[in-house]
Amino acid sequence: HGANQNKILTGLYNLAYNPVKEKDLCDMDTEKWKSILVPKDVYLEIKKIAAKEGRTLGGQLRFIYSQYVSEEQKRVKELVDAEMTLRKAKNHSVMS
């Protein structure tokens, strides 16, 4: 029992007399990683989906982003295809 109390007192002493340096608060490499703010309900929903799909929260966000990029590429391709179809029709009607 005394050993645990000693550890606790030592920890409290260190906390009180050894000031925490700002760099110790966050060792995240901010050149590689960024934190983001989202409403709590959004965070909880993404976290729930990530768990259901067997992903980490970061993995789920990467998946969502890759899905977005994929859908955006499809939309751009559809727009380009539609524009090309219109140009072909226009050129065909001019030549007729």
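Conventions we followed
Every chain is numbered independently, its residues counted from 1 as its sequence is written. Whole-chain, interface and lining totals are the exception, using all residues; otherwise, since this is a predicted model, local features are given only for residues with pLDDT of at least 70 and side-chain atom pairs are given and counted only at 80 or more. Note that the side-chain values use all heavy atoms of the structure and ignore hydrogens as well as water. Helix and strand definitions follow DSSP, with helices as H or I runs of at least four residues and strands as E runs of at least two, each counted in order from the N terminus. Only protein chains enter the calculation, and the probe is 1.4 Å; a residue is then buried if its accessible area is under 20% of its type maximum, exposed if over 50%, and partly exposed in between. The method behind every accessible area is Shrake-Rupley, applied with a 1.4 Å probe, and residues are considered shielded solely by the protein chains displayed. Pairing of aromatic rings covers Phe, Tyr and Trp, the last through its six-membered ring, and needs centres within 6.5 Å; plane angles under 30 degrees mean stacked, over 60 mean edge-to-face, and all others mean tilted. We call a charge positioned above a ring when the Lys NZ or Arg CZ atom is no farther than 6 Å from the ring centre and deviates by at most 35 degrees from the ring normal. Cavity and pocket criteria rest on a 1 Å grid covering protein atoms alone: a 1.4 Å probe that fits but cannot get out defines a cavity, protein on both sides within 12 Å along at least 5 of 7 lines defines an open pocket, and an atom within 4 Å of a point defines a lining residue. Grid points are joined across faces, edges and corners, and a volume is the space filled by probe spheres set on the points. Residue contacts follow a heavy-atom distance rule, with two residues in contact if any of their heavy atoms lie within 4.5 Å. Nonpolar side chains (Val, Leu, Ile, Met, Phe, Trp, Tyr) within 5 Å and like charges within 9 Å form the patches, drawn only from residues with over 30% relative accessible area and no salt bridge. A pairing counts as a salt bridge when a side-chain nitrogen of Lys or Arg comes within 4 Å of a carboxyl oxygen of Asp or Glu. Here a polar contact is taken to be a pair of N or O atoms separated by no more than 3.5 Å, where protein atoms must pair a possible hydrogen donor with a possible acceptor and residues adjacent in sequence count only if both atoms sit in side chains. Inter-axis angles, ranging from 0 to 180 degrees, are taken between N-to-C directions of lines fitted to C-alpha atoms, where helices are fitted over the stretch in contact. Working definition: roughly parallel below 35 degrees, roughly antiparallel above 145 degrees, roughly perpendicular at 65 to 115 degrees, and oblique for all remaining angles. Note that Gly is not counted as nonpolar here; it falls among the polar residues with everything else outside the nonpolar set of Ala, Val, Leu, Ile, Met, Phe, Trp, Tyr, Cys and Pro and the charged set of Asp, Glu, Lys and Arg.

Caption draft 1: Looking closely at the overall build of the protein. Check the secondary structure of the protein and you find four helices and zero strands. Counting from the amino terminus, the protein carries its helices and strands in the arrangement α-α-α-α. Sorting the 96 residues of the protein into buried and exposed places 4% on the buried side. In the form shown here, the protein has an accessible surface area of approximately 9,300 Å², with 60% of it arising from carbon and sulfur atoms.

Caption draft 2: Quick look at the packing of aromatic side chains. Applying the stated criterion across every chain, the model contains zero aromatic pairs. The lysine or arginine in question, Arg55, covers the ring of Phe63, its NZ or CZ lying 3.8 Å from the ring centre.

Caption draft 3: Here's a closer look at the layout of surface pockets. Computed from the structure, the largest pocket encloses a volume of approximately 270 Å³. Taken together, the elements giving at least two residues each to the lining of the largest pocket come down to helix H3 (40–52) and helix H4 (57–95). Among the elements that make up the lining of the largest pocket, the one with the highest residue count is H4 (four residues).

Caption draft 4: Spatial organisation of the side chain of Gln60. Tracing the chain through its elements places Gln60 in helix H4. Owing to a relative accessible area of 3%, Gln60 belongs among the buried residues under this scheme. With residues near it in sequence (within four places) discarded, Gln60 still touches Ile46, Ile49, Ala50, Glu53 and Arg55.

Caption draft 5: Up close: a nonpolar patch on the surface. The grouping of Ile36, Val38, Val42, Tyr43, Leu44, Leu57, Leu61, Phe63 and Ile64 at the surface amounts to a nonpolar patch, some 690 Å² of accessible area in total. For the nonpolar patch, the elements supplying multiple residues, two or more each, are H3 and H4. Top element by residues in the nonpolar patch is H4. It accounts for four residues. Structurally, the position occupied by Phe63 is in helix H4. When its relative accessible area of 30% is taken as the criterion, Phe63 is described as partly exposed.

Caption draft 6: Local environment of the environment of Glu72. Positionally, Glu72 belongs in helix H4. Only 2.7 Å separates the side chain of Glu72 from the side chain of Arg75, close enough to count as a polar contact.

Caption draft 7: View of the packing of H3 against H4. At a minimum axis distance of 9 Å, the contact between H3 and H4 shows a crossing angle of 95°. Taken together, the axes of H3 and H4 lie roughly perpendicular to each other. Two secondary-structure elements touch here, H3 through Tyr43, Ile46, Lys47, Ile49 and Ala50 and H4 through Leu57, Gln60, Leu61 and Ile64. Classifying every residue of the contact of H3 with H4 by side-chain character gives seven nonpolar, one polar and one charged.

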